[in-house]
Amino acid sequence: MKDLLDFLAKQLDCTYLSDLPTVYNQQIFKEAIEKIDINEYSLDNWNETIKYIIKTDKTFTSIADAKTYLTSKCK
C-alpha cells in the first residue's frame, strides 16, 4: 500500500519524515496536497498523516474531509 507521508516527503525534498511538520505551512505543501487524488491513499493513511504533521487527535470519516482539513492548515 502507498504511504502518504513518504509521498509528501519525496515531493517536498525532505530528507527525513520528521521534516514534514516544519514545511507543512508552506505553499508548496498545499500544492502537493491539492494534486493528490483522494482515492490514492486510504482514510487511515490520511488520518495518520494529519496526526503526524499537524499534531492533532482529529479523526475524519471521509477522505475528502481529511484532505480539505489538511489543505486548510497550509498557508
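Residues numbered from 1 in each chain as written. Predicted model: local features only at pLDDT ≥ 70, side-chain atom pairs only at ≥ 80, totals over all residues. Heavy atoms only, no water.

Helix and strand counts for the protein come out as five helices and zero strands. Walking the protein from its N terminus toward its C terminus, one meets helices and strands in the order α-α-α-α-α. Whereas a compact globule of 75 residues would reach a radius of gyration of roughly 11 Å, the protein reaches 11 Å, a difference of no more than 12%. For the protein, the spread of C-alpha atoms along the three principal axes comes to 30 × 25 × 20 Å. Here the protein holds 75 residues, and 40% of them are scored as buried. Relative to all contacts within the protein whose residues are 6 or more apart in sequence, the contacts with residues 24 or more apart total 52%. Summed over all atoms, the accessible surface of the protein reaches about 4,600 Å², with 48% contributed by carbon and sulfur. With 10 positive and 12 negative side-chain charges, the protein shows a spacing of 5 Å between the two charge centroids. (Helix = DSSP H or I, 4+ residues; strand = E, 2+ residues; numbered from the N terminus. Rg over C-alpha atoms; globule rule 2.2 N^0.38 Å. Buried < 20%, exposed > 50% of the residue type's maximum accessible area, 1.4 Å probe, protein only. Contact = heavy atoms within 4.5 Å. Areas by Shrake-Rupley, 256 points an atom, 1.4 Å probe, with all protein chains shown as cover. Lys, Arg positive; Asp, Glu negative; His and termini not counted. Charge placed at Lys NZ, Arg CZ, Asp CG, Glu CD.)

Turning to helix α5 (residues 63-72), a few remarks are in order. Every buried residue of α5 is accounted for by I63, A66, K67, Y69, L70 and T71. Buried positions along α5 lie against α3 (27-35) and α4 (43-54).

This next bit is on the packing of helix α1 (residues 4-11) against α4. When two helices pack together, their arrangement is given by the angle between the helix axes and the distance between those axes. Two elements in contact, α1 and α4, have axes separated by 9 Å at closest approach and are oriented at 55°. Taken together, the axes of α1 and α4 are oblique relative to one another. The residues of α4 that touch α1, namely those facing L4, L5 and L8, are N45, W46, T49, Y52 and I53. Residues that form the contact of α1 with α4 fall into these classes: six nonpolar, two polar and no charged. (Axes fitted to C-alpha atoms, helices over the stretch in contact; angles between N-to-C directions. Parallel < 35°, antiparallel > 145°, perpendicular 65-115°, else oblique. Nonpolar A, V, L, I, M, F, W, Y, C, P; charged D, E, K, R; others polar.)

When pLDDT is averaged along the protein, the result is 91; 97% of the residues meet or exceed 70. When pLDDT is averaged over each element of the protein, α4 comes out on top at 95 and helix α2 (residues 20-23) at the bottom at 85. (pLDDT = per-residue confidence, 0-100.)

Here the focus is the environment of K30. By the element assignment, K30 lies in helix α3. Looking at K30, the relative accessible area reads 22%, which means it is partly exposed. Separated by 23 residues in the primary sequence, K30 and I53 place their C-alpha atoms 13 Å from one another.

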